[in-house]
Amino acid sequence: MPVLILITIVWAFSFSLIGEYLSRDVDAYIAVFVRMILALCLLLPFLKLKNVSRPIRVRLMIIGGIQIGLMYLLLYHAFLYLSVAEVLLFTIFTPLYITLIDELLLNRKPLPRIWWLAAALSVVGAGLIRYQGLSSEFITGFFLIQAANICFATGQVAYKRLPLGESKQQIGVYALFFLGATLVSGIGMLLFADYTRLPNTWVHWSVLLWLGFGASGMGYLAWSIASKKVNIGQLATMNNALIPAGLLVNFLLWGQNVQWGSLIFGGAIILFAVWLTSRKPQSKP
């Protein structure tokens, strides 16, 4: 859990950086591809394939392609229709997608009811924090974010259920995760990118370097390894901890107004949901 909390704080900066410095100037397909290939370059020196079967390699690439390759293509486009605050608001359903995908599709075992309750509480708490008036283009943005949420949830659950061994073994194959993401984002860039909107300032490249090496390369590796050490309920509810963290970043860095009452109340509900998932369930997941 401490690792998930730390990465949540790191990712909280990403939403604001994308919305403030990239979405209006840099083509989304190009930005995603640069981010993925930087993360791939970071982890390629650690790649060791001899102890991993070919089916596992392929599955790991598919997971990466869906979880972050396709997800980021959808997410970056959503910033063209939504504000940072609205993007954060529309991510509140991710915990429910995680529990639903794990129970019905991948794990195919009933989850403890208390985990469903925790996921629902997490959504309620996040909604209390982030609800505000919505823009006229919110429907397009909403569906883009929901598609991104489903990709992100599917990848998290699939990785958690993929037999990869201990942390050291996971580090040795994680470059394949980003290889899949790079291939997906690369195809998207070749087919649809607007090459008149290349990153061309030191601010653009500074943000992309941070997102590629830090938030993606190190962030997703740490998050994925930590996800195997918590139960699915904890993983689901921690996805919504990003919302209060993102609000605090907006306040600290750019002085955005914060409704402190709803932040504290909604944050308390999310913390309660995380606590519920930490309790020993009556039945095994």
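What counts and what doesn't
- Residues numbered from 1 in each chain as written.
- Predicted model: local features only at pLDDT ≥ 70, side-chain atom pairs only at ≥ 80, totals over all residues.
- Heavy atoms only, no water.
- Helix = DSSP H or I, 4+ residues; strand = E, 2+ residues; numbered from the N terminus.
- Contact = heavy atoms within 4.5 Å.
- Areas by Shrake-Rupley, 256 points an atom, 1.4 Å probe, with all protein chains shown as cover.
- Core = buried A, V, L, I, M, F, W, Y, C linked by side-chain atoms within 4.5 Å.
- Buried < 20%, exposed > 50% of the residue type's maximum accessible area, 1.4 Å probe, protein only.
- Axes fitted to C-alpha atoms, helices over the stretch in contact; angles between N-to-C directions.
- Parallel < 35°, antiparallel > 145°, perpendicular 65-115°, else oblique.
- Left-handed = near helix turned anticlockwise from the far one by under 90°.
- Nonpolar A, V, L, I, M, F, W, Y, C, P; charged D, E, K, R; others polar.

**So, the overall build of the chain**
Phase 1: Per the secondary structure count, the chain includes 13 helices and zero strands.
Phase 2: When its helices and strands are written in sequence order, the chain yields α-α-α-α-α-α-α-α-α-α-α-α-α.
Phase 3: Taking as baseline every contact in the chain between residues at least 6 positions apart, the subset at least 24 positions apart corresponds to 91%.
Phase 4: Carbon and sulfur atoms make up 69% of the accessible area of the chain, which totals about 13200 Å².

**Observations concerning the nonpolar core**
If you look at soluble globular proteins, the nonpolar side chains tend to sit buried side by side.
Phase 1: In this structure, W11, I68, M71, Y72, Y76, F178 and Y220 are the most contacted members of the largest nonpolar core, which totals 82 residues.
Phase 2: Residues contacting M71, with those up to four places away along its chain left out, are I66, A148, C151, F152 and Y220.

**Topic: the environment of K229**
Phase 1: Note that K229 resides in the loop between helix 10 (202-227) and helix 11 (232-238).
Phase 2: What makes K229 exposed here is its relative accessible area of 62%.
Phase 3: With 228 residues separating them in the primary sequence, K229 and M1 have C-alpha atoms 8.2 Å apart.

**A short note on the packing of helix 3 (residues 54-78) against helix 9 (residues 175-192)**
Phase 1: One can describe the packing of helix 3 onto helix 9 by two numbers: an axis separation of 6 Å at closest approach and a directional angle of 50 degrees. Taken together, helix 3 and helix 9 sit at an angle that is classed as oblique. Handedness of the helix 3/helix 9 crossing: right-handed. Where helix 3 abuts helix 9, its residues R57, L60, M61, I63, G64, G65, Q67, I68, G69, L70 and L73 lie against L176, F177, F178, L179, G180, A181, L183, V184 and S185.
Phase 2: Residues that form the contact of helix 3 with helix 9 fall into these classes: 13 nonpolar, six polar and one charged.

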